[in-house]
Amino acid sequence: MSVEHVDVVIVGAGLSGVGAACHLQKHCPAMTFTVLEGRDAIGGTWDLFRYPGIRSDSDMSTLGYSFRPWDRSKSIAGGSEIRSYVADTASEHGVDRHIRFGHRVIEADWSSDDARWTVRARRVTDGEEVEVSCSFLFTCSGYYDYEQGYTPDFRGIDRFSGQVVHPQLWPEDLDYVGNRVVVIGSGATAVTLVPAMAETASHVTMLQRSPTYLVTRPETDPFAARVRRTAPASLADPIVRWKSIATNSYNYQKARRAPERMKALLRKGVEMQLPGGYDIDTHFTPRYDPWDQRLCLVPDGDFFAAVREERASVVTDHIHAFAEAGIELRSGEFLEADVIVTATGLNMLAVGGMHLTVDGVEVNIPEAVAYKGMMLSGVPNFAFTIGYINSSWTLRAELVARYVCHLLNHMRRRGLRTCIPLRPKASGRSPLFDLTSGYARRGTAVMPKQGSAAPWRMHHNFLREWLFTLRRTGSRKTGMRFS
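Predicted model, so just to flag it, every value in this text is computed and none were measured. (Residues numbered from 1 in each chain as written. Predicted model: local features only at pLDDT ≥ 70, side-chain atom pairs only at ≥ 80, totals over all residues. Heavy atoms only, no water.)

**Details of the overall build of the protein chain**
Spelled out, the test is: Each helix corresponds to a stretch of at least 4 residues labelled H or I by DSSP, and each strand to a stretch of at least 2 residues labelled E; elements are numbered beginning at the N terminus. C-alpha atoms define the radius of gyration in this analysis, and the globule rule sets the expected value at 2.2 Å times the number of residues to the power 0.38. Throughout, the Shrake-Rupley method with a 1.4 Å probe supplies accessible areas, and for residues the shown protein chains are the sole cover considered. For the charge count, each Lys or Arg is scored as positive and each Asp or Glu as negative, with His and the chain ends excluded. To locate a charge, take atom NZ for lysine, CZ for arginine, CG for aspartate or CD for glutamate.
Helices and strands together make up the secondary structure of the protein chain, namely 13 helices and 25 strands. For 483 residues, the compact-globule estimate of 2.2 N^0.38 gives 23 Å, and the C-alpha radius of gyration of the protein chain, at 23 Å, lies within 12% of that figure. Roughly 21400 Å² of accessible area belongs to the protein chain as shown, and the carbon and sulfur atoms make up 48% of that amount. Taken together, the 57 basic and 53 acidic charged side chains of the protein chain have centroids lying 11 Å from each other.

Next comes the structure, spelled out in structure tokens:
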């Protein structure tokens, strides 16, 4: 039986996959492609997560596509708005016609003799396996497991008589109106859930082991609104986008170079949002430097408003055990609860969990080294997308998509069939994500590593990568072998 062949298979129809398809269609118009999506809808993360209050943790001028600027009033948008934006982009550019929904990729095998991948996907509707071959495989499936979030092994969790929910698998019928809710965690998800649930719950308690840095920003950017009132869209959109890029880059560099100064600024921002005498040292002063973990965005200070109005509270302690009516803390305090939300993080998963082989030899992804943070050493004609830890995911996703397009055109012009990143000679290895967050530390066991110098070092710096690292491919391909 013949296997259908396309030039490029894109895995995933979320923010990255739709963007990659649009760039491929524009910059490589002669190439055929298909998008394999395991779920039954466009949107990826923004279709999967449905917990109350879900929103972007980056401003939409950079989380949105450069080729289809975000033109709505809110610079911090809700999940449903982002989902519809991605779906509308796919429809407007016609790439939705190339998406095969309900096709979960399980493995891909490379044949050097044929210079092609054979991609196997399981059809969700009937469990049948489908094969598609391609000359280049481009995974845009993010870096976490869609099937299951991370929940620690809490002692006595089965004793709790109420409902325990992880935000990644939020039940549509969960009714918490008038209930006592405990949200375990202090990251972006918890900071989002608390004010949203506090609108109708009797009380919401955020239980954290240690604090996270919080920064308040307006939900609607006054600068963007002013520029769009006074300038045409063709001028206003790039101004707003580049202002956001420059501001984020400046603040990140300032935080890394002068962490004590940034700590003082962040603390001042928290003090302005809370009543006098509030115990900021205990509940809002992290033990690490800013950007050792991601900062949590608080649009219009909604989290602090819930705390001020006593609809929500913060408890900093360790869990001793779950009980029938709530949670026993190590300090001896007891938190009564009807609903407990474990906003305790993600399970990281490389390349969507697919099994890769090259000429019959399994690819050990955790042992591979990432070339420019987007290809794997020793793996031909393959790229993956991951975003920045300190800025918008889409900024880097678009750089990677453009680089792949330039790489494919370079190979086509020169009659080349294969490109293979070579394993670096230097021995230094480190995680791709320079974060102390729990999910990042757990992810080192499954994610590829980075080297000590270019092109094996992933710099979480958009301007540097835009100017140098992920520019058009030139005649010299350091670290890459073509044939």
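**Brief notes about the pairing of strand S17 (residues 355–358)**
Definition in use: Pairs of strands are assigned from DSSP output, requiring at least two bridges between the strands.
Of the strand pairs in this sheet, strand S4 (residues 103–111) and S17 are connected by four bridges, and their pairing is parallel. Counterpart to glutamate 107 in the pairing with S17 is histidine 355. With two bridges connecting them, S17 and strand S18 (residues 361–362) associate as antiparallel partners. Paired with valine 358 across the bridge in S18 is valine 361. Here S17 folds back onto S18, and the loop between the two strands holds two residues, one of which, aspartate 359, carries a positive phi near 50 degrees.

**Structural notes on empty space enclosed by the protein**
Keep this limit in mind: Each cavity reported here is a set of points on a 1 Å grid over the protein atoms alone in which a 1.4 Å probe fits but cannot get out, each pocket an open set with protein on both sides within 12 Å along at least five of seven lines, and each lining residue one with an atom within 4 Å of a point. Grid points are joined across faces, edges and corners, and a volume is the space filled by probe spheres set on the points. The nonpolar class holds Ala, Val, Leu, Ile, Met, Phe, Trp, Tyr, Cys and Pro. Asp, Glu, Lys and Arg form the charged class, and all remaining residues, Gly among them, are polar.
Counted according to the given criterion, the structure contains five cavities of 30 Å³ or more. Each pocket or cavity is described by its volume, and for the largest cavity that value is around 130 Å³. Lining the largest cavity are 13 residues; nearest its centre among them are Asn248, Ser249, Asn390, Ser391 and Phe462. Listed by contribution, the elements that provide at least two residues to the lining of the largest cavity are helix H7 (233–257) and helix H13 (462–469). Considering every element that reaches the lining of the largest cavity, the biggest residue donor is H7, with five residues. Across the lining of the largest cavity, the residue classes tally to six nonpolar, seven polar and no charged. Of the residues contributing to the lining of the second largest cavity, the split by class is eight nonpolar, four polar and no charged.

**Observations concerning the packing of H7 against helix H8 (residues 259–273)**
For any two helices packed against each other, the geometry is given by the interaxial angle and the distance between the axes. Here is the rule we go by: Geometry is summarised by axes, namely lines fitted to C-alpha atoms with helices restricted to the contacting stretch, and by angles between N-to-C directions that run from 0 to 180 degrees. The contact criterion used is simple: two residues touch if any of their non-hydrogen atoms lie within 4.5 Å.
Orientation of H7 relative to H8, taken along the N-to-C sense of each, is 115 degrees, at an axis distance of 5 Å. Here H7 contributes Asn251, Lys254, Ala255, Arg256 and Arg257 to the contact with H8, which in turn contributes Pro259, Met262 and Leu265. When the residues that make up the contact of H7 with H8 are grouped by side-chain class, the tally is four nonpolar, one polar and three charged.

**Considerations on the pairing of strand S2 (residues 33–36)**
As a reminder of what qualifies: Throughout this description, buried means an accessible area under 20% of the type-specific maximum (1.4 Å probe, protein chains only), exposed means over 50%, and partly exposed covers the range between. When the strands point away from the viewer and the path from the first strand over the helix to the second turns clockwise, the crossover is right-handed.
Along S2, one buried face is formed by Phe33 and Val35 and the opposite face, lined by Thr34 and Leu36, is buried too. Taken together, strand S1 (residues 4–11), helix H1 (residues 15–27) and S2 form a β-α-β motif whose crossover is right-handed. Pairing between S2 and strand S3 (residues 99–100): two bridges, direction parallel. When the bridges of S3 are listed, leucine 36 appears paired with arginine 100.

**Some details on the layout of surface pockets**
Roughly 910 Å³ of volume is contained in the second largest pocket. Lining the second largest pocket are 45 residues, with Val215, Arg217, Asn248, Asn251 and Leu297 positioned closest to its centre. Those elements giving two or more residues to the lining of the second largest pocket turn out to be helix H3 (60–63), strand S10 (214–217), helix H6 (222–230), H7 and H8. At nine residues, H7 tops the list of elements feeding residues into the lining of the second largest pocket. Across the lining of the second largest pocket, the residue classes tally to 19 nonpolar, 16 polar and 10 charged.

**Quick notes on the nonpolar core**
Selection rule: We call a set of buried residues a nonpolar core when its members are Ala, Val, Leu, Ile, Met, Phe, Trp, Tyr or Cys and they connect through side-chain atoms within 4.5 Å of each other.
Counting residues in hydrophobic clusters, the biggest one holds 127 residues, and the most contacted among them are Ile10, Trp117, Leu137, Phe138, Val183, Phe303 and Leu356. Of all the elements, helix H11 (residues 393–413) adds the most residues to this core, at 12 residues. Ignoring anything within four residues of it in the chain, the contact list for leucine 356 reads Ala108, Trp117, Leu137, Val361, Glu362, Val363, Ile365, Leu376 and Phe382. Judged by nonpolar contacts, the second largest core, of 12 residues, contains Phe154, Val182, Ile184 and Ala337.

**A closer look at the pattern of salt bridges**
Under the convention used in this document: For this analysis, a salt bridge means a side-chain nitrogen from Lys or Arg found within 4 Å of a carboxyl oxygen belonging to Asp or Glu.
Scanning the entire structure with this criterion turns up 24 salt bridges. Between arginine 104 and glutamate 147 there is a salt bridge, and its shortest N-O distance comes to 3.2 Å. You can see arginine 104 sitting in strand S4 and its partner glutamate 147 sitting in the loop between strand S6 (129–139) and strand S7 (163–165), a full 43 residues away along the chain. Assessed through its relative accessible area of 37%, arginine 104 is described here as partly exposed. The class for glutamate 147 is partly exposed, based on a relative accessible area of 48%. Of the charged contacts in the structure, one is a salt bridge between lysine 263 and glutamate 260, with a shortest N-O distance of 3.2 Å. Residue lysine 263 and its partner glutamate 260 are located together in helix H8, separated by three residues, close to a single helical turn. On the basis of relative accessibility, which here comes to 22%, the residue lysine 263 falls in the partly exposed class. Through salt bridges with shared partners, a single ionic network connects Glu107, Asp109, Arg120 and Glu131.

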